[in-house]
Amino acid sequence: KVKSTEKKLTQSQKLKKGLEPGSVLILLAGRFRGRRVVFLKQLESGLLLVTGPYAVNGVPLRRVNQRMCIATSTKADLKGADFVSVDDKYFAREAAAKKSKKDEMFAAGASKSSMSDEKKAGQKKMDEAVVKGLSTDVKSYLKACFSLSSKMYPHELK
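A quick note: this is a predicted structure, and the numbers were derived from the prediction, not measured.

(A) Region of interest: the pattern of salt bridges. Throughout the structure, instances matching the rule amount to one salt bridge. Among the ionic pairs, Arg 63 bridges to Asp 88, the shortest N-O distance being 3.3 Å. Of the two residues, Arg 63 sits in strand β4 (residues 62–64) while Asp 88 sits in the loop between β5 (69–75) and α2 (101–106), which places them 25 residues apart along the sequence. Residue class for Arg 63 comes out partly exposed when judged on its relative accessible area of 35%.

In structure tokens form, the structure reads like this:
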């Protein structure tokens, strides 16, 4: 058979069962593994947009693969929250200018990039709406880290 050179239309990934905006998820991999986060929306790339909120448990706005999270039955109220401005381009990194090897050797670690003030302000504004919809019980639930103990099996959890 001859393979066609036409590109397939990109379809957005189907969401896992139990995932809807406001659901609380448990992250399974990455820097924030074991943390509970609030699911905000699905991005065009198929990744999930989640937040801690940062003020509650220190997890910033992040993109997460569906396979790397477990959905819980807990829901958070997202009324009044606006996440239209956040898309995959929001997370794009700036291209750094190329340097010669001599410059690289002497300036190792000198220019460490941090989050821009614009993104920090955006994080606060978006988290504000999410935090308003959280009860004190849900806040303490989000602060706690998830871990398995003996006689606790992930496939039996609800």
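(B) Examining helix α3 (residues 117–132) more closely. Given a rise of 1.5 Å per residue, 16 residues ought to cover 22 Å, and the 23 Å separating the end C-alpha atoms of α3 matches this to within 8%. Restricting attention to buried positions, one finds in α3 the residues Gly 122, Gln 123, Met 126, Asp 127, Ala 129 and Val 130. The buried side chains of α3 occupy one side of the element, clustering within an arc of 150° when seen end-on. Every exposed residue of α3 that faces more than 90 degrees away from the buried side is listed here: Asp 117, Lys 124, Lys 125 and Lys 132. Those residues of α3 that are buried are in contact with β2 (36–42), β3 (48–51) and α1 (54–57).

(C) Region of interest: the nonpolar core. Val 38, Leu 40, Leu 49, Leu 61, Val 86 and Leu 142 are the most contacted members of the largest nonpolar core, which totals 18 residues. Broken down by secondary-structure element, the contributors of at least two residues to this core are β2, α3 and α4 (136–143). Setting aside its immediate chain neighbours within four residues, Val 38 contacts Gly 22, Ser 23, Leu 49, Val 50, Thr 51, Gly 52, Pro 53, Ala 76, Leu 78, Val 130 and Leu 142. Residues Leu 27, Phe 32, Val 50 and Val 59 belong to the second largest nonpolar core, which totals eleven residues.

Definitions and limits used
Residues numbered from 1 in each chain as written. Predicted model: local features only at pLDDT ≥ 70, side-chain atom pairs only at ≥ 80, totals over all residues. Heavy atoms only, no water. Salt bridge = Lys/Arg side-chain N within 4 Å of Asp/Glu carboxyl O. Helix = DSSP H or I, 4+ residues; strand = E, 2+ residues; numbered from the N terminus. Buried < 20%, exposed > 50% of the residue type's maximum accessible area, 1.4 Å probe, protein only. Expected span 1.5 Å × (residues − 1). Arc of directions from axis to C-beta. Contact = heavy atoms within 4.5 Å. Core = buried A, V, L, I, M, F, W, Y, C linked by side-chain atoms within 4.5 Å.

Fair warning: the whole summary comes from geometry, so function is off the table for now.
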